[in-house]
Amino acid sequence: MADSGDRPLGQRRRWPLLFLLILAAVSLLLHAEKFRRGKNVLRLRTHYAALVRTRPIEETKVRRAQFYQFQYFLGYPVALSYAAADLVRRIHGIAPPLKLLAIQVDPGPQDLGFELTVGVAAASREAAQRPFAFFLASVRMLAGITEASFSPGKRSSGGMVSFVVNGRMELQP
């Protein structure tokens with residue numbers, strides 16, 4: 001039977017020393033990492049304090065708002081002219097049995113006001129009301145038209161009865 005005394009005394013005492021050396025090395029590495037992260041936190045704290053003093057977020061918000069205002073005001077005439085041309089194009093597409101005598105477009109901040117003078121070739125005002133009613137219903141069904149009303153027809157020279165349509169069309173963004 002082998003005694004525990006067969007092993008040399010140095011090997012028995014080496015493993016606690018080795019364990020203590022490993023613990024010391026790990027502790028040293030952890031302290032070095034803590035010091036490095038502490039320096040990083042201090043650097044970020046001073047950087048954040050500088051950001052708070054200069055307030056770049058508020059400046060960016062102001063610049064972005066100004067950009068969108070400029071874009072709106074610079075793009076408004078172009079958007080308005082395209083919307084007016086689109087309105088005239090769509091109304092001209094549904095008007096063929098009738099005759100468009102006059103078109104007036106009044107721009108607003110969010111919509112277009114329009115006035116159409118439509119002539120209907122008919123013998124009497126009652127006979128002209130049926131094709132005009134169909135035209136008015138078609139105008140009311142156009143996309144973007146929020147309001148469309150008319151005034152009673154007036155007999156004009158040349159066998160035409162003229163109606164005036166007033167309405168509003170919203171501007172599409």
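Residues numbered from 1 in each chain as written. Predicted model: local features only at pLDDT ≥ 70, side-chain atom pairs only at ≥ 80, totals over all residues. Heavy atoms only, no water.

**Q** Can you break down the confidence of the model for the chain residue by residue, with the values?
**A** Caution is warranted with low-pLDDT regions, since their predicted coordinates should not be read in detail. Taken as a whole, the chain shows an average pLDDT of 83; of its residues, 90% reach a score of 70 or greater. Of all secondary-structure elements in the chain, the lowest mean pLDDT belongs to strand E3 (residues 145-156), at 78, while strand E1 (residues 99-107) reaches the highest, 87. (pLDDT = per-residue confidence, 0-100. Helix = DSSP H or I, 4+ residues; strand = E, 2+ residues; numbered from the N terminus.)

**Q** Summarise the pattern of salt bridges; cite the residues concerned and give the values.
**A** As enumerated under the stated definition, the model contains five salt bridges in all. Across the pair Asp86 and Arg90 runs a salt bridge whose closest N-O atoms are separated by 3.3 Å. Pair noted here: Asp86 and Arg90 are both in helix H2 (residues 56-94), with a separation of four residues, about one helical turn. Judged by relative accessible area, Asp86 falls into the partly exposed class, the value being 28%. Close ionic contact of Asp111 with Arg168 constitutes a salt bridge, the shortest N to O distance being 2.8 Å. Taken together, the positions of Asp111 in strand E2 (residues 111-121) and Arg168 in strand E4 (residues 160-170) put the pair 57 residues apart, joining distant regions of the chain. Residue Arg168 is classed as partly exposed on the basis of its relative accessible area of 31%. Each of the salt bridges in this network shares a partner with another, and the network as a whole consists of Glu33, Arg36 and Arg37. (Salt bridge = Lys/Arg side-chain N within 4 Å of Asp/Glu carboxyl O. Buried < 20%, exposed > 50% of the residue type's maximum accessible area, 1.4 Å probe, protein only.)

**Q** Residues and numbers for helix H3 (residues 125-141), please.
**A** With 17 residues, H3 should cover 24 Å at 1.5 Å per step; its first-to-last C-alpha distance of 24 Å lies within 8% of that length. Where H3 bends most, at Pro131, the angle is about 30 degrees. Listed in full, the buried residues belonging to H3 are Ala128, Phe132, Phe135, Leu136, Ser138 and Val139. (Expected span 1.5 Å × (residues − 1). Bend = angle between axes of the 7 residues up to and from the residue.)

**Q** Could you give an account of the packing of aromatic side chains, with specific residues and numbers?
**A** Counted by the stated rule, this structure contains six aromatic pairs. With a centroid separation of 6.3 Å and 40 degrees between ring planes, the pair formed by Phe132 and Phe135 is classed as tilted. One end of the pair, Phe132, and the other, Phe135, are both in helix H3, three residues apart, so they sit about a helical turn from each other. Using a relative accessible area of 1% as the deciding quantity, one classes Phe135 as buried. Ring centres 4.0 Å apart and planes at 10 degrees place the aromatic pair Phe132 and Phe163 in the stacked group. Note that Phe132 is positioned in helix H3 and Phe163 in strand E4, a separation of 31 residues in sequence. Exposure remark for Phe163: the relative accessible area of 1% places this residue in the buried category. (Phe/Tyr/Trp six-rings, centres within 6.5 Å; stacked < 30°, edge-to-face > 60°.)

**Q** Got a sec to walk through the environment of Leu20? Specific residues and values, please.
**A** Note that Leu20 resides in helix H1 (residues 9-54). When the C-alpha positions of Leu20 and Gln66 are compared, they lie 66 Å apart, and in sequence the two are 46 residues distant.

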